[in-house]
Amino acid sequence: MRKLFFLMLAVPCVAFFSESVFAQKSPTDVCARPSVGTVVPEPEDLRSQNSVLKVNLTVRSVSEPSRPDRFCYLAEDGSESPTLRLHPGDLLILNLKNDLADPSSPAAGDAQAKNHSATGKTSDPCTSGSMSLTSTNLHFHGLTVPASCHQDEVLKTSIQPGDPSFEYRFRIPENEPPGLYWYHPHIHGFSKAQVLAGLSGAMIIEGIERANAEVAGLPERVLVIRDQDLLNPNAPPNKSEPVIPKMLLDHDGDAANNGTGFGKPAKDLSINFVPVPYPDYPTSQIKIKPGDRQFWRVLNASAITYLNLAVLYKKVPQPLGIVALDGVPLNSSGMMGNYVDWQNHIGVPPGGRVEFMVKGPPLGVTGLLVTRTVDTGVGGENDPNRALASIEASADAPEPRSTLDASPKPFAPHVLPWLGSVAPARTRMLYFSEKLLDPNDPNSATTFYLTVDGQTPTPFDPSSDVPNIVVKQGDVEDWIIENRSTELHTFHIHQTHFMLLDLFGTPVNEPFLRDTINVPFYDGKTLQYPSVKIRLDFRDPNAVGTFVYHCHLLEHEDGGMMGLIRVEPAARMQTSRTSAAAPSDK
Ligand SMILES: [Cu+2]
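Residues numbered from 1 in each chain as written. Predicted model: local features only at pLDDT ≥ 70, side-chain atom pairs only at ≥ 80, totals over all residues. Heavy atoms only, no water.

Draft legend 1. The overall build of the chain, seen in detail. Scanning the chain for helices and strands turns up six helices and 35 strands. The buried share of the chain, taken over its 586 residues, is 60%. Of the contacts formed within the chain by residues at least 6 apart in sequence, a portion of 79% connects residues at least 24 apart. For the chain, the accessible area works out to roughly 22700 Å², and carbon and sulfur atoms hold 54% of it. (Helix = DSSP H or I, 4+ residues; strand = E, 2+ residues; numbered from the N terminus. Buried < 20%, exposed > 50% of the residue type's maximum accessible area, 1.4 Å probe, protein only. Contact = heavy atoms within 4.5 Å. Areas by Shrake-Rupley, 256 points an atom, 1.4 Å probe, with all protein chains shown as cover.)

Given below as structure tokens:
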């Protein structure tokens, strides 16, 4: 009840918010962002034509005094972070130009670019591996496309300022599930800074109405929720908050979780770039026709913020009909008919996506899209209750730009047996852990580990080519992932999806797929560490290659909470097995 009490107060708070404090006017148009309190804009849609989507994106940045740095993906039409829309089987050709300048030294980017051309030497972006705040690359989160250069390779691929435009070119697999995916940089050590500053965009594989006819004909709305450094870091919490929050900082320098659901958040949130800043959270606006049924496709593109979304009308949580998680329809096992999971709140970890049906409020009622608090553990960041958008019903509200096909042709049934029915080739154990530089100082620097049981905990080493795990393409594996730290982590693996089997050792009934999963924090009391057990699918030949699994809290990933996996072609595995160096592949 206490949570709802706060949310009731969130709307009146808008009246107290002072224009001058939150003024967003920028002296420059580079990476321009909408103002606080404005209508949530729809990202521009770039759609494939004749089975090809050709996109030119430029990565730019701007640094201004007393504002968080802004980085952006700029399309040729001037739009930022467009939504890339393709069908299974379509070809994506994305040319990425790096125009980044180092925010800590405004001229540095230019200087670097000049050096580059002056020496005439450009390192090959495919093999450079040179990663800095001004290097960039792209990860296509959720897609099962090969981890090779110009496709979805992030270990060596690094594009520098001054490099010519870099071409990403791959075909969306015919069997890629329809749903919400996303693109973002994956520069080791700098992912958090780049994503916090705004580098992320949605990608939609079309045809979800062909997978689940319940959403056929619905207007669709893409909502990208990002986090950013606090606009008002020194402001005290709003007086309406019912508890006095602790103002402690955690070892990462963010507001520490105080477990109350209130207080200063570690980061501000924005929704389609409309900021909703602490401490008053003046809401952005979503306009909708009264009672209109819509399909909302929500991406948590935050670097470190967990979401727990709810829609409230007259303070009552509304039913949200979940159709897909992490880009995969919930009914993709083929055994569930037009399954819809009705919930009144939905947790979305950093990197996760949720796609659900929601009905607009009746005329005269203004609803709220909120995120409820997430308890991230004593070592975690504070993710308090806060409003994101007001949902305003009006008869003349414009329809969203895009509507799903009203009479879809169903997809052909899957060729491969459902993952849940395949026996795993082996079971592995991994664990998240953290180590303080000074065990007696909780605010000292932390090293982050994601370790295969039996190996020595080591932060991810980008210069090492030795995989922690070697898998044979065609296999299905079960992994148990423990959390031995006092904060929540989100496991993510590239190139494939997985199914959740157990939580805390108790089986769960989840006949669907994810690509991010929370692993609950250790509270120091239980006899066993919290764990999840997942079943991973390495049957797709596109998964062959070397790629990563990691925590999707980007400061953890940047800090070393990442491991290397090599998926070997089914045939080669037989001959190279004796020489395989991977310690885990016993
Ligand atoms: Cu983590």
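Additional details are given in the paragraphs that follow.
Draft legend 2. Inspection of the packing of aromatic side chains at higher detail. In the structure shown here, the tally under the stated rule is twelve aromatic pairs. Here tryptophan 479 and tyrosine 549 contribute two aromatic rings whose centre-to-centre distance is 5.6 Å and whose plane-to-plane angle is 75°, an arrangement assigned as edge-to-face. Of the two residues, tryptophan 479 sits in strand 28 (residues 476-483) while tyrosine 549 sits in strand 34 (residues 545-551), which places them 70 residues apart along the sequence. Each member of the pair, tryptophan 479 as well as tyrosine 549, carries the same accessibility label: buried. (Phe/Tyr/Trp six-rings, centres within 6.5 Å; stacked < 30°, edge-to-face > 60°.)

Draft legend 3. Examining unusual backbone geometry more closely. A cis amide bond, omega 5°, links tyrosine 278 with the succeeding residue proline 279. Assignment of secondary structure puts proline 279 in the loop between strand 12 (274-276) and strand 13 (284-288). Of note, aspartate 326 is a non-glycine position whose phi angle comes to about 50°, a positive value.

Draft legend 4. Examining the state of the cysteines more closely. One pass over the full model with this rule turns up two disulfides. A sulfur-sulfur distance of 2.2 Å marks the disulfide that ties cysteine 31 to cysteine 72. Between cysteine 31 and cysteine 72, the S-S dihedral sits near -75°, and the bridge is therefore left-handed. Residue cysteine 31 is found in the loop between helix 1 (2-13) and strand 1 (45-47), and its partner cysteine 72 is found in strand 3 (residues 70-75); the two are separated by 41 residues along the sequence. Judged by its relative accessible area of 2%, cysteine 31 falls in the buried class. Paired through a disulfide, cysteine 126 and cysteine 149 show a sulfur-sulfur distance of 1.9 Å. In this structure, the disulfide formed by cysteine 126 and cysteine 149 twists by about -85° around the S-S bond and is classed as left-handed. (Disulfide = S-S within 2.5 Å.)

Draft legend 5. Broad picture of the nonpolar core. Counting residues in each nonpolar core, the largest one holds 36 residues, and the members touching the most others are Trp479, Ile481, Phe491, Ile493, Ile534, Tyr549 and Ile565. Core analysis: the next-biggest nonpolar cluster, separate from the first, contains 33 residues, Leu230, Leu269, Ile322 and Leu369 among them. (Core = buried A, V, L, I, M, F, W, Y, C linked by side-chain atoms within 4.5 Å.)

Draft legend 6. Summary view of the environment of proline 424. With respect to the element layout, proline 424 can be found in the loop between strand 24 (402-403) and strand 25 (426-436). Separated by 55 residues in sequence, proline 424 and tryptophan 479 have C-alpha atoms that sit 9.6 Å apart.

Draft legend 7. Region of interest: the pattern of salt bridges. For the coordinates displayed, the defined rule picks out 27 salt bridges. With its nearest N and O atoms 2.6 Å apart, the salt bridge here joins glutamate 220 to arginine 297. With glutamate 220 in strand 10 (residues 219-228) and arginine 297 in strand 14 (residues 293-300), this residue pair connects regions lying 77 residues apart in the sequence. With respect to class, glutamate 220 is no different from arginine 297; both count as buried. A salt bridge links arginine 426 to glutamate 477; its shortest N-O distance comes to 2.5 Å. Here glutamate 477 lies in strand 28 and arginine 426 lies in strand 25, a separation of 51 residues in the sequence. (Salt bridge = Lys/Arg side-chain N within 4 Å of Asp/Glu carboxyl O.)

Draft legend 8. Quick look at the sheet that holds strand 25. Pairing within the open sheet is mixed, and its six strands lie in the order 26-25-28-33-30-31. Looking at strand neighbours, the two that pair on one side only are strand 26 (446-452) and strand 31 (506-507), the edges of this open sheet. By the bridge criterion, seven bridges tie strand 25 to strand 28 in an arrangement that is parallel. Bridging from a neighbouring strand, tyrosine 431 pairs with glutamate 482 of strand 28. (Pairing = 2+ DSSP bridges.)

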